[in-house]
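This is what each chain is made of:
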Number of protein chains: 4
Amino acid sequence: MKKEEHPENQWRRRLHEIIFEADTTEGKTFDVALIILILASIFVVMLESVRPLDLRFHKTFSVLEWIFTVLFSIEYILRILSVKRPIHYIWSFYGVIDLLSVLPTYLSLFLPGSQFLLVTRSLRLLRIFRVFKLTRFVSEANILKSSLAASRRKITVFLFAVFLITIIMGTVMYLVEGGQNGFTSIPRSIYWCIVTLTTVGYGDISPTTVLGQFIASFIMILGYGIIAVPTGLITVEMTRQSKLHTNTQSCPNCGYEGHRDNAEFCYHCGHSLHS
Amino acid sequence: MKKEEHPENQWRRRLHEIIFEADTTEGKTFDVALIILILASIFVVMLESVRPLDLRFHKTFSVLEWIFTVLFSIEYILRILSVKRPIHYIWSFYGVIDLLSVLPTYLSLFLPGSQFLLVTRSLRLLRIFRVFKLTRFVSEANILKSSLAASRRKITVFLFAVFLITIIMGTVMYLVEGGQNGFTSIPRSIYWCIVTLTTVGYGDISPTTVLGQFIASFIMILGYGIIAVPTGLITVEMTRQSKLHTNTQSCPNCGYEGHRDNAEFCYHCGHSLHS
Amino acid sequence: MKKEEHPENQWRRRLHEIIFEADTTEGKTFDVALIILILASIFVVMLESVRPLDLRFHKTFSVLEWIFTVLFSIEYILRILSVKRPIHYIWSFYGVIDLLSVLPTYLSLFLPGSQFLLVTRSLRLLRIFRVFKLTRFVSEANILKSSLAASRRKITVFLFAVFLITIIMGTVMYLVEGGQNGFTSIPRSIYWCIVTLTTVGYGDISPTTVLGQFIASFIMILGYGIIAVPTGLITVEMTRQSKLHTNTQSCPNCGYEGHRDNAEFCYHCGHSLHS
Amino acid sequence: MKKEEHPENQWRRRLHEIIFEADTTEGKTFDVALIILILASIFVVMLESVRPLDLRFHKTFSVLEWIFTVLFSIEYILRILSVKRPIHYIWSFYGVIDLLSVLPTYLSLFLPGSQFLLVTRSLRLLRIFRVFKLTRFVSEANILKSSLAASRRKITVFLFAVFLITIIMGTVMYLVEGGQNGFTSIPRSIYWCIVTLTTVGYGDISPTTVLGQFIASFIMILGYGIIAVPTGLITVEMTRQSKLHTNTQSCPNCGYEGHRDNAEFCYHCGHSLHS
């Protein structure tokens, strides 16, 4: 009979439900525990980078780091065991992230003191997205994502224009300030130009000649004005997206969604929506 | 007879009208006097914190502080007397604030020099909200509040994304700048990253390596771009809210809606809207 | 006969046409000349404030200043002569501005070296608005003005909220940083809080304690987020204004304007708009 | 016969197709090669401006610069040859840019060390626009351009208001700070005012008097608020533009408009839109 499964399969399906899904109580508990573990491990990575704390609690941090690594390793093995095609999982985006989040600690045994392993450890943070995939924030995130995706091209054009402006104005400022007052090279002048145009304004480099300050004023007002462009793009797109998403009726004939608010016939198959 | 009240009740109702409401002349006068008192007492707290002024006018400030405290204490007692269920008021949000705004001065007799009492005193400012609750700005504040409440979830998703970006980019900058130039630990790098992404840009920490400045440029342009996201969210929500709040009258003849606010005749059939 | 005017009146009307209006060629020439004079005089005021230039060209600046003053004085007298009720003009907003823009130079004869007269001279700039009142930018300026006026109350509520946030967070930062690192008094902390919340970020004062930087991060993200509020308010209002202003039809019966785009009957008198 | 062309014409048309158009494989290859060459030459200009790199690789940079110049010169000659009316091309915008991007290197033989030639070389960047003219980003760029063009007048009014505010507040700050703390002249104070109003905030000049900080706070909040104005203007205009650019099809049966982009049937009467 079909319904009787191989016990191993049954066990695997159960494991899959707990680890990969969040519909059961065990699944939810697992997810919450995982989020706490991830955040705690990131928190330890941060504290470890603070010199005075590291000098004092180096031992504790090491022990905690190994506890996290062992737990994440067990989770990684369980994930491999719970899926039917492990190869598929191992090479997936999250599979690679899962591996990268335990590997550095093991590697540090052979390559002591390697700072670069630190950043790999902080990749654990990305694993949080998997857990959030299962929550009720998904639809909100999707509207944001689809708005950004839909205005992708316009934003590219805008960023390209910003890119050209900063190169040209950066070169001009390099000439005007005469390689002094921090404008020691064109790349540095471009860096200053980005700092100014985005209204960040560190002040580590700032013009001191009259002409330089005049051009800087122009760049600032330009930056102040063109910030309106991405805002306008996203707002228009979000307005459209929010209109598309409000109406939830689907055609009783072909199942298509996304009808206009006052639509009476399906735009795809022409079937009446009210029958 | 029902209409004849116990004299004490009558007196309490009268007091309640003056203190808690703003419909009568006395009630309004009381509210205005209270706002002036609160602002004056906050002003004294501020001046007291300026060392030179405190050295010179310490006596005056102390006297003023005690006058305010005594007046607020009397008000607190009157509020308790004027309500039927004092316990209910005492444990309400404003009841606690009212108590916290007089307590520090009395406590300072026993715990001299405690700086922390200062901040409690500035909680008096929150009492202003009670008075404003009664003004005509309520509907405006409500539109703002409901817009923010409705886009609450999208803003949470956005802030979570910002949070992840700052942690990841902060860690990267810590590695790139090699623990120097102010990037002495990951939390400090994250602090710098927030300063940059929000386009504040103090300049107390700023990258000096070429790669660091390159990544910083990327973060700035990112921050410049994603400021559009909350703006878009709030704008879309406010558009919807403002549509909900416009007039809801429909023509008694043809049923059309969407009339101008001061319309007297239907724009579609010409029928009077007020018949 | 009515049409024959007193010669003096005729001459006054002619003068009024040139000075106060811009319909004739002479009127336009006068306006352009006035704008150039105003800008030139402001430019001289600016250059005069630059120490090295003033030391070298003090004589030239003085002569130019007197030429401008004499010309503006003649204009002022002509304006008085050209109107029927001079008193009405003299006490009007622009009348006072006109007087204030010549007075300082005469006063400087008696009160030499008074710096304060400088700022009064720069009030001449306000006179430019009178000239612009007559140009084709009026309708654009009106849409901006009416949008701002319509969202006046919401902006007041918003600014009041910002005001409260800065006072509370300023006090908290004063306590957290312990009166050091530039946070030497509550007013100064509030100043820092405004600098941070508005994403200006001078960096003259910046937190150095861990808790201070944590709270500062919070204020920055708050400021980054609530900038969306005024933007949303203005955008919604401008959308409404631009809709009201696009349609130019007026009722053939009562003359009311501002009809809906697809209106067929006047919203005020019920008359058909298409007859 | 008409179809048989003079061999020289045929060869010219072929050249024109490759150089000026992007429909053929050769045309596309040429465009991609040109973009790479332009970016590489700009990159060399940038590196050359970095003192340490220039000292070490001066020879290499010179050689590369001459290679780029020769290649661009050949391209320029080919462009002249491939068009029927060379004079027309030579004096066109892109013709001048093309010449200006090779001239500086030749001139540097006679005018060694002239820094100003550098900026002319970076004009090569503008040539990228010609290539992009042929891509699919054109329609996106057009929407941005027409939105900006349509709100041109309103933005002018806004910028004029900003200009007046900075002049007046700059003069006031000059007086308040008494020509000290960096506010050494009115133009410098205006520069500071622009830095503050646009929320850039370098911190190279910042007020230190109490009154100065108070006025600065006011300017900051003003700048924070009026950033909403250009944003609102652009958003409203983009909303209108995006509506203009959506599909214009109307139902052949009932005439209703506003169909979804991929609609096949009318949402109102159910009639096919493609019959």
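Just so it is clear, the model here is predicted, and its values are computed rather than measured.

Reading guide: rules and limits
- Residues numbered from 1 in each chain as written.
- Chains lettered and ligands numbered in written order.
- Predicted model: local features only at pLDDT ≥ 70, side-chain atom pairs only at ≥ 80, totals over all residues.
- Heavy atoms only, no water.
- Helix = DSSP H or I, 4+ residues; strand = E, 2+ residues; numbered from the N terminus.
- Buried < 20%, exposed > 50% of the residue type's maximum accessible area, 1.4 Å probe, protein only.
- Contact = heavy atoms within 4.5 Å.
- Areas by Shrake-Rupley, 256 points an atom, 1.4 Å probe, with all protein chains shown as cover.
- Polar contact = N/O pair within 3.5 Å; in protein donor to acceptor, adjacent residues only side chain to side chain.
- Buried area = accessible area lost by both parts, 1.4 Å probe.
- Nonpolar A, V, L, I, M, F, W, Y, C, P; charged D, E, K, R; others polar.
- pLDDT = per-residue confidence, 0-100.
- Expected span 1.5 Å × (residues − 1).
- Phe/Tyr/Trp six-rings, centres within 6.5 Å; stacked < 30°, edge-to-face > 60°.
- Lys NZ or Arg CZ within 6 Å of the ring centre and 35° of its normal.
- Salt bridge = Lys/Arg side-chain N within 4 Å of Asp/Glu carboxyl O.
- Axes fitted to C-alpha atoms, helices over the stretch in contact; angles between N-to-C directions.
- Parallel < 35°, antiparallel > 145°, perpendicular 65-115°, else oblique.
- Left-handed = near helix turned anticlockwise from the far one by under 90°.
- Core = buried A, V, L, I, M, F, W, Y, C linked by side-chain atoms within 4.5 Å.

Trainee: For the overall build of chain A, give the residues involved together with the corresponding values.
Mentor: Scanning chain A from terminus to terminus reveals 13 helices and 0 strands. Its helices and strands taken in sequence order, chain A reads α-α-α-α-α-α-α-α-α-α-α-α-α from the N to the C terminus. Within chain A, the fraction of its 275 residues that count as buried is 44%. Intrachain contacts of chain A at a sequence separation of at least 6 include 52% that bridge at least 24 residues. Carbon together with sulfur atoms contributes 66% to the accessible area of chain A, which is approximately 14,200 Å² in total.

Trainee: Give me the side chain of Thr 171 of chain D: which residues, what numbers.
Mentor: Residue and element names in this part refer to chain D. The topology assignment puts Thr 171 in helix α10 (residues 152-176). Exposure remark for Thr 171: the relative accessible area of 2% places this residue in the buried category. A distance of 2.8 Å separates a polar atom in the side chain of Thr 171 from the backbone oxygen of Ile 167.

Trainee: Could you give me a rundown of the interface of chain B and chain C, with the residues and numbers involved?
Mentor: Taken together, the contacts link 56 residues of chain B with 58 residues of chain C. A combined buried area of about 4,900 Å² lies between chain B and chain C, and 71% of that area is made up of carbon and sulfur atoms. Our enumeration of links across chain B and chain C arrives at 6 residue pairs in polar contact (both at pLDDT 80 or more). For the side of chain B that touches chain C, the secondary structure elements donating two or more residues are α2 (25-49), α7 (116-121), α8 (128-132), α9 (138-150), α10 (152-176), α11 (186-197), α12 (210-226) and α13 (228-245) of chain B. Partitioning the side of chain B that touches chain C into residue classes produces 34 nonpolar, 15 polar and 7 charged.

Trainee: I'd like a description of the confidence of the model for chain A, backed by residues and values.
Mentor: On average, residues of chain A score 82 in pLDDT, and 85% of them reach the 70 mark or higher. The ipTM assigned to the predicted complex is 0.80, against a pTM of 0.83.

Trainee: Let's hear about α12 of chain B: which residues, and what values?
Mentor: All names here are of chain B. Between its terminal C-alpha atoms α12 stretches 24 Å, which fits the 24 Å expected from 17 residues at 1.5 Å a residue. Turning to α12, its buried residues are Gly 212, Gln 213, Ile 215, Ala 216, Ser 217, Ile 219, Met 220, Gly 223, Tyr 224 and Ile 226. Here α12 starts with a cap whose side-chain oxygen sits 3.0 Å from the backbone nitrogen of Gly 212, and that cap is Thr 209.

Trainee: Give a description of the packing of aromatic side chains that names residues and reports values.
Mentor: Residue and element names in this part refer to chain A. Summed over the entire model, instances satisfying the criterion amount to 24 aromatic pairs over all chains. Arranged with centres 5.2 Å apart and planes meeting at 70 degrees, the rings of Phe 93 and Tyr 94 form a pair that is edge-to-face. The class for Phe 93 is exposed, based on a relative accessible area of 53%. One Lys or Arg, Arg 127, reaches over the ring of Phe 72 and ends 4.9 Å from the middle of that ring.

Trainee: Explain helix α1 (residues 7-20) of chain D residue by residue, including any values.
Mentor: Given a rise of 1.5 Å per residue, 14 residues ought to cover 20 Å, and the 20 Å separating the end C-alpha atoms of α1 of chain D matches this to within 8%. Close packing links the buried residues of α1 of chain D with α2 (25-49) and α3 (51-82) of chain D.

Trainee: So what's going on with the pattern of salt bridges? Which residues, and what values?
Mentor: Applying the stated rule across the entire model yields 26 salt bridges over all chains. The salt bridge involving Glu 75 of chain B is made with Arg 127 of chain B; its shortest N-O contact spans 2.5 Å. Of the two residues, Glu 75 of chain B is situated in helix α3 (residues 51-82) and Arg 127 of chain B in the loop between α7 and α8; the sequence distance between them amounts to 52 residues. Owing to a relative accessible area of 2%, Arg 127 of chain B belongs among the buried residues under this scheme. In this structure, Arg 124 of chain D engages Glu 65 of chain D in a salt bridge whose closest nitrogen and oxygen atoms are separated by 2.9 Å. With Arg 124 of chain D in the loop between α7 (116-121) and α8 (127-132) and Glu 65 of chain D in helix α3, this pair connects stretches of sequence that are 59 residues apart. Just as Arg 124 of chain D is buried, Glu 65 of chain D falls in that class too.

Trainee: Describe the environment of Phe 57 of chain D, naming the residues involved and giving the relevant values.
Mentor: Residue and element names in this part refer to chain D. Tracing the backbone shows Phe 57 in helix α3. Overall, the relative accessible area of 33% leaves Phe 57 in the partly exposed class. When the C-alpha atoms of Phe 57 and Leu 47 are compared, they prove to be 9.5 Å apart, with 10 residues separating the residues in sequence.

Trainee: Mind laying out the packing of helix α1 (residues 7-20) of chain B against α2 of chain B, listing which residues take part and the relevant values?
Mentor: Residues and elements named next belong to chain B. At their nearest, the axes of α1 and α2 sit 7 Å apart, and the two run at 45 degrees to each other. By the angle between their axes, α1 is oblique relative to α2. Residues Arg 14, Glu 17, Ile 18 and Ile 19 of α1 touch α2, and the partners they reach there are Glu 26, Gly 27, Phe 30 and Asp 31. Looking at the contact of α1 with α2 residue by residue, the classes come out as 3 nonpolar, 1 polar and 4 charged.

Trainee: Lay out the packing of α1 of chain D against α3 of chain D with the relevant residues and their values.
Mentor: Residue and element names in this part refer to chain D. For the pair α1 and α3, the least separation of the axes is 9 Å and the interaxial angle reads 130 degrees. Taken together, the axes of α1 and α3 are oblique relative to one another. Considering only the axes of α1 and α3, their crossing is left-handed. Across the interface between the two elements, Trp 11, Arg 12, Leu 15, His 16, Ile 19 and Phe 20 from α1 touch Leu 78, Arg 79, Leu 81 and Ser 82 from α3. Along the lines of polarity and charge, the residues of the contact of α1 with α3 split into 6 nonpolar, 2 polar and 2 charged.

Trainee: Can you tell me about the environment of Pro 187 of chain C, naming the residues and giving the values?
Mentor: Residue position: Pro 187 of chain C is located in helix α11 (residues 186-197). Separated by 81 residues in the primary sequence, Pro 187 of chain C and His 268 of chain C have C-alpha atoms spaced 54 Å apart.

Trainee: Would you mind going over the nonpolar core in detail, with residue names and values included?
Mentor: By size, the foremost hydrophobic cluster in this structure holds 185 residues, and its most contacted members are Trp 192 of chain A, Trp 192 of chain B, Trp 192 of chain C together with Trp 192 of chain D. When residues of this core are assigned to their parent elements, the largest contribution, 9 residues, is made by helix α10 (residues 152-176) of chain C. If we skip the residues at most four places from it in the chain, Trp 192 of chain D touches Tyr 202 of chain C together with Met 173, Phe 183, Ile 205, Ser 206, Pro 207, Ala 216 and Ile 219 of chain D.

Trainee: Explain unusual backbone geometry residue by residue, including any values.
Mentor: The backbone of Thr 199 of chain C shows a phi angle near 60 degrees, a positive value even though the residue is not glycine. Mapped onto the fold, Thr 199 of chain C is located in the loop between α11 and α12 (210-226).

Trainee: Tell me about the side chain of Glu 237 of chain D, and name the residues and values.
Mentor: Residue and element names in this part refer to chain D. By the element assignment, Glu 237 lies in helix α13 (residues 228-245). Residue Glu 237 is classed as buried on the basis of its relative accessible area, which comes to 5%. Apart from the residues lying within four places of it in its own chain, the contact partners of Glu 237 are Ser 147, Ala 150 and Ser 151.

Trainee: Which residues make up the environment of Gly 203 of chain D, and what values do they have?
Mentor: All names here are of chain D. Inspection of the secondary structure assignment puts Gly 203 in the loop between α11 (186-197) and α12 (210-226). Residue Gly 203 is classed as partly exposed on the basis of its relative accessible area, which comes to 29%. As for Gly 203 and Tyr 174, which are separated by 29 residues in sequence, their C-alpha atoms are 16 Å apart.

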